[in-house]
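One letter stands for each residue in the lines below.
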Amino acid sequence: MLKNMELHVDENNIAHLKMNDVANMNIFSNDFIRGFLSAMDELEANYKPHALILSGLDSVFCAGAEKDTLIDLSNGKIDVKDLLMSERLINSEYPIIAAMEGHAMGGGLVLALCSDIVIAAKESRYGAVFMNMGFTPGMGTTTLLQGLMGDFVANEMMFTGKRFKGTELAKKGTNINYIVPKKDVLTKANDLALQISEKNVKSVYLLKYSLSAKKKKLLIDARLQEDMMHKLSFAYPETKETINSFYAD
Amino acid sequence: MTKEKIIEVISKNIIENLDDLENETIDPKKSMKDYGANSLDMIEVVSCSMRELNIKVPRAELADIEDIEQLADKFMEHAEA
């Protein structure tokens, strides 16, 4: 497995996947996506976990797309690799707990939307930042964000691109399961996973299969509309400029 | 627009965007980091303040700013322009 992911399955049959690309702060580089998919492959090939806890760095859970990918898209090169991650999570056999100690932006937040239970940190920020860069949301955001945030908060997040602090989201009353101090995020995730691990794994998988049917359909719907919107919005001449200024170093 | 007004707006946004600062007086000689801000907190404080003051500063110009007073100076430059 690539160094940017840490995977282990503990004595309670709980899988822990930590996205750990310290150098690039968990952005969707090609290596990152490859590492993520190969960790999921390994999990499926060698284990039957009761649940997966998906975590990231202390500072950044996942930062979403990298600049080069967006510039490629704005040059008309359609790249759907990041969608594979959404699909992979939604099609997993076991429940996934997203334990977001750090920030989650854009596609990084989508990883949580594709999970079954979500824990966020009071101190960190969460944003559907796509429109800040001039193009419409992707990776399933337009159909999946509502489930986690509620329709109107999802609208606000997508239209404004604002990066909301965990404490702000807590006040808004979203569907995020827990918004706790950063230091307690993993403890909470472990406690939830332990409760799942006490159940019959076959029934856990059955339940997951049935509950994920709705999300699978939502992701297909998203893909249709988001691909079309991306073809249009990435082709606007001003989009490339906005992407460049957004990533000014 | 006076520098005092700008510092007042920045300070208000620091208090609104960070936790547990309700009773704090913001010292412009300090960095937002001294008040517990992470990088995205700082971006949020800056963009809220710019909206409120109707100032636009390109991102690249904000990179080297070290404290709240320097941020206010940068805002002044663009307010007068």
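So, a nonpolar patch on the surface
Residue and element names in this part refer to chain A.
For step 1, the next point in the chain: Together, Met228, Leu232 and Tyr236 make up an exposed nonpolar region whose accessible area comes to about 310 Å².
For step 2, the next point in the chain: By secondary structure assignment, the location of Met228 is in helix H9 (residues 201-233).
For step 3, the next point in the chain: The partly exposed category is assigned to Met228, whose relative accessible area is 46%.

A short note on the sheet that holds strand S2 (residues 14-19) of chain A
Residue and element names in this part refer to chain A.
For step 1, the next point in the chain: The strand order S1-S2-S4-S7-S9-S12 describes an open sheet built from six strands, whose pairing is mixed. Unpaired on one side and paired on the other, strand S1 (5-9) and strand S12 (178-180) mark the two borders of the sheet. Each neighbouring strand pair of the sheet contributes to a mean axis angle of 15°, computed without reference to strand direction.

Notes on the pattern of salt bridges
Residues and elements named next belong to chain A.
For step 1, the next point in the chain: Counted according to the given criterion, the structure contains 21 salt bridges over all chains.
For step 2, the next point in the chain: Residue Lys208 is joined to Asp116 by a salt bridge in which the shortest nitrogen-to-oxygen separation is 2.7 Å. In this pair, Lys208 sits in helix H9 while Asp116 sits in the loop between helix H4 (107-113) and strand S9 (117-121), placing the two residues 92 residues apart along the sequence.
For step 3, the next point in the chain: What makes Lys208 buried here is its relative accessible area of 5%.
For step 4, the next point in the chain: Given a relative accessible area of 35%, Asp116 falls into the partly exposed group.
For step 5, the next point in the chain: The salt bridge partner of Glu156 is Lys172, with a shortest N-O separation of 2.9 Å. Here Lys172 lies in helix H7 (residues 166-172) and Glu156 lies in helix H6 (residues 151-160), a separation of 16 residues in the sequence.
For step 6, the next point in the chain: Overall, Glu156 belongs to the partly exposed group, its relative accessible area being 30%.

Structural notes on the state of the cysteines
All names here are of chain A.
For step 1, the next point in the chain: A complete count under the given rule lists zero disulfides over all chains for this structure.
For step 2, the next point in the chain: The cysteine Cys62 is free of any disulfide, with Cys114 supplying the nearest cysteine sulfur at 11 Å.
For step 3, the next point in the chain: Here Cys114 falls in the buried class, since its relative accessible area comes to 1%.

Thoughts on the pairing of S9(A)
All names here are of chain A.
For step 1, the next point in the chain: Counting buried positions over the five residues of S9 gives five, a clear majority of the element.
For step 2, the next point in the chain: Burial along S9 is two-sided: the residues Ile117, Ile119 and Ala121 and Val118 and Ala120 are all buried.
For step 3, the next point in the chain: Note: strand S7 (residues 96-100) against S9, four bridges, orientation parallel. Its bridge partner lying in S9, Ala98 is registered against Val118.
For step 4, the next point in the chain: The pairing of S9 with S12 spans three bridges and is classified as parallel. For Ile119, the partnering residue across the bridge sits in S12 and is Tyr178.

Some words on the layout of surface pockets
The gaps left among the atoms become clear once a water-sized probe is rolled over them.
Residue and element names in this part refer to chain A.
For step 1, the next point in the chain: Quantified by volume, the second largest pocket comes out at close to 550 Å³.
For step 2, the next point in the chain: In this structure, the second largest pocket is lined by 22 residues; those nearest its centre are Ser115, Asp116, Ile117, Leu211 and Lys215.
For step 3, the next point in the chain: If one sorts the elements of the lining of the second largest pocket by residue count, H9 sits on top with eight residues.

What about the nonpolar core?
Residues and elements named next belong to chain A.
For step 1, the next point in the chain: One finds Phe36, Met100 and Leu111 to be the most contacted residues of the largest nonpolar core, which totals 78 residues.
For step 2, the next point in the chain: With seven residues, the single largest contributor to this core is helix H1 (residues 30-46).
For step 3, the next point in the chain: Leaving out residues up to four positions away in the same chain, Met100 has contacts with Phe61, Leu109, Ala112, Val118, Ile119, Ala120, Ala121, Tyr126 and Val185.

Some details on unusual backbone geometry
Only a minority of non-glycine residues have a phi that is not negative, and only a minority of peptide bonds are not trans.
All names here are of chain B.
For step 1, the next point in the chain: With a phi angle near 60°, Asp20 is a residue other than glycine that sits in the positive phi range.
For step 2, the next point in the chain: Here Asp20 shows up in the loop between helix H1 (3-17) and helix H2 (39-53).
For step 3, the next point in the chain: A positive phi is found at Asn54, a non-glycine position, where the angle reads about 60°.
For step 4, the next point in the chain: Tracing the backbone through its elements, the reader meets Asn54 in the loop between H2 and helix H3 (68-80).
For step 5, the next point in the chain: Judged by its relative accessible area of 71%, Asn54 falls in the exposed class.

Criteria and thresholds
Residues numbered from 1 in each chain as written. Chains lettered and ligands numbered in written order. Predicted model: local features only at pLDDT ≥ 70, side-chain atom pairs only at ≥ 80, totals over all residues. Heavy atoms only, no water. Patch = residues over 30% accessible without salt bridge, like charges linked within 9 Å, V, L, I, M, F, W, Y side chains within 5 Å. Areas by Shrake-Rupley, 256 points an atom, 1.4 Å probe, with all protein chains shown as cover. Salt bridge = Lys/Arg side-chain N within 4 Å of Asp/Glu carboxyl O. Helix = DSSP H or I, 4+ residues; strand = E, 2+ residues; numbered from the N terminus. Buried < 20%, exposed > 50% of the residue type's maximum accessible area, 1.4 Å probe, protein only. Pairing = 2+ DSSP bridges. Axes fitted to C-alpha atoms, helices over the stretch in contact; angles between N-to-C directions. Disulfide = S-S within 2.5 Å. 1 Å grid on protein atoms, 1.4 Å probe; cavity = no way out; pocket = protein on both sides within 12 Å on 5 of 7 lines; lining within 4 Å. Points joined across faces, edges and corners; volume = space filled by probe spheres on them. Core = buried A, V, L, I, M, F, W, Y, C linked by side-chain atoms within 4.5 Å. Contact = heavy atoms within 4.5 Å.

Note that all results are geometric; they support no functional claim without further evidence.
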